[in-house]
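# Breakdown of the fold
Residues per chain, in single letters:
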Amino acid sequence: MQVFISDSHIADCTVGIQVGTNGTASPFIALSVDRTTVSQMGSNGIEVFSGKVAVSNSVINQNNFGAGAVVFDSELDLFNNQINFNQLGVDVLANSTVRLVGNDFSLNSVDIQCAVPLVLESGNAVEGVIANGCVLLPVNQTTSAPPSGASTLVPFYLYSLLTLFA
Amino acid sequence: MSGVGDDANPCSRTAPCKTFAGAISKTAVNGEIDCLDPGGFGALTITKSITIDGGPGVSSVLVAGTNGLVISGFNANISVTLRNLAVQGLGPGGLGQGLSGIKIINAATVYLENVLIK
């Protein structure tokens, strides 16, 4: 199943967009969201369970009681979005991959929280909190297990220097 | 479709229908339902390929305690386009306590363009 959402506004629901159901096998779902606002949900803005989702040029904000986006056993691409004023910007749960390109994370209580490494393919403005072992990697770097303990944010230039002297 | 239509009409330009449910049964597979003017056209379950275009006015699905639009094809091959629509009344901050604004159970492709879900 393929679902395309564009130029739309989703607000004041319990969950804005839900793909699949947690704990239940669902048919393969691909979702594209472009130029859309997902805001002021009672829970999470976007929930993805067992699916592939691309969100671009959109605003995910003011989800004060949950996350802007939650993924589990899924792939999530976020390109050129504003993700702000959420309780949690992006929550990456098990068996998931998130690709972040050119997003603005700001004014979330926690910007990114993850149980797996995040792949950062180009610059993202993350001015807040990276929690629970997220590792942001530059372009074309393969993911590896995140370090235990406190979160780590490796800026692109620092990672390049480390790679150069490795 | 028209806010002052009647489901007893043939859903033509000069004799429009009142609700989506009344119009869809008179619309062929791969056909299109267009709204001529603003109105609340009710909840709907879609089981075939179709396009619903709310047009330039405020074409709304206002619900409370139920789903707004449900897409549930008899097979997985249907294609549905929903354009220029407002689905309201879903809560918790909305007007009521509906369930899902647009619930997609079975379809090949679904396009939502300029849709307000609130």
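The structure under discussion appears in the preceding block.
Presented here is a report on the structure given in the accompanying data block. Model, not experiment: these values are computed from the prediction. (Residues numbered from 1 in each chain as written. Chains lettered and ligands numbered in written order. Predicted model: local features only at pLDDT ≥ 70, side-chain atom pairs only at ≥ 80, totals over all residues.)

### Topic: the environment of B:Ser25
All names here are of chain B. Considering the arrangement of structural elements, one finds Ser25 in the loop between helix H1 (20-24) and strand S1 (31-34). The exposure class of Ser25 is exposed, given the 9 C-beta atoms found within 10 Å. Along the sequence, Ser25 and Ile46 sit 21 residues apart, while their C-alpha atoms lie 9.9 Å from each other. (Helix = DSSP H or I, 4+ residues; strand = E, 2+ residues; numbered from the N terminus. Buried ≥ 20, exposed ≤ 12 C-beta atoms within 10 Å, placed from the backbone.)

### A few points about the pairing of strand S7 (residues 79-88) of chain B
All names here are of chain B. Most of S7 is tucked away, with seven of its 10 residues classed as buried. Looking at chain direction, strand S4 (residues 50-53) and S7 are connected through four bridges and run parallel. If you follow Ile52 over to S7, its bridge partner there is Leu82. The pairing of strand S5 (residues 59-62) with S7 spans three bridges and is parallel. Residue pairing in the sheet places Ser60 in a bridge with Ala86 of S7. Pairing between S7 and strand S9 (residues 109-117): eight bridges, direction parallel. Within S9, the residue paired with Leu85 across the bridge is Val115. (Pairing = 2+ DSSP bridges.)

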